[in-house]
Amino acid sequence: MEEKKIITLTREDLLAKRIQKGIYYKGCFISDLMSHVDSPISENIFKYPYRIEGFFLLICKQGSGTIKINLEEHEIADNSLLIHQPNNIIQMMQRGENIQGVVLGFDKEFTQEINFDLKHFLPIALALKDQPLLKINEKQCDRLFSLIK
């Protein structure tokens, strides 16, 4: 049986596959989730498991979906915060049509430019490996959502 390799997507790969529906500046990316509902990226890229270089936050204000992180399934629902770490394996399993949210991403170059020290983040990073999807209350979600918007 032939072994399949999980592909790693870089910033250039994502931009080349038309993820540019959003704002991209010097390694930081912000996009509305609704802008990708009919996008080829929604249908093609996340249909299969991929590794993505860089960090991103997905804030789901309303809607639902199912996503796999490191081959473990998680249910996205209203007031959810997903924290993706570099090189996690991610796959979109199911996505609701009326999802409202925002994605904020940072590539490796951005984290190096701001002198991001992983040593200080290590305990949180280890906890997020096991639980990348957090349920937050409506007030927290609204504050994060408006801050990023």
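Report follows, based on the coordinates.

1. As for the pattern of salt bridges
Next up, step 1: Within this structure, the stated rule accounts for one salt bridge.
Next up, step 2: The shortest N-O distance in the salt bridge between Asp142 and Lys61 comes to 3.5 Å. Remark: Lys61 occurs in strand S5 (residues 55-62) and Asp142 occurs in helix H5 (residues 138-148); sequence separation between them is 81 residues.
Next up, step 3: Given the relative accessible area of 30%, Asp142 is considered partly exposed.

2. A word on H5
Next up, step 1: Looking at H5, one finds that the buried residues are Cys141, Phe145 and Ile148. One side of H5 carries all its buried residues, which in axial view fall inside an arc of 70°. Facing away from the buried side of H5 by more than 90 degrees, the exposed set consists of Lys139, Arg143, Ser146 and Leu147.
Next up, step 2: Looking at the buried positions of H5, the neighbouring elements they touch are strand S3 (28-32), S5 and strand S10 (100-106).
Next up, step 3: Its side-chain oxygen at 3.1 Å from the backbone nitrogen of Lys139, Asn137 defines the N-terminal cap of H5.

Thresholds, definitions, all that
- Residues numbered from 1 in each chain as written.
- Predicted model: local features only at pLDDT ≥ 70, side-chain atom pairs only at ≥ 80, totals over all residues.
- Heavy atoms only, no water.
- Salt bridge = Lys/Arg side-chain N within 4 Å of Asp/Glu carboxyl O.
- Helix = DSSP H or I, 4+ residues; strand = E, 2+ residues; numbered from the N terminus.
- Buried < 20%, exposed > 50% of the residue type's maximum accessible area, 1.4 Å probe, protein only.
- Arc of directions from axis to C-beta.
- Contact = heavy atoms within 4.5 Å.
- Polar contact = N/O pair within 3.5 Å; in protein donor to acceptor, adjacent residues only side chain to side chain.

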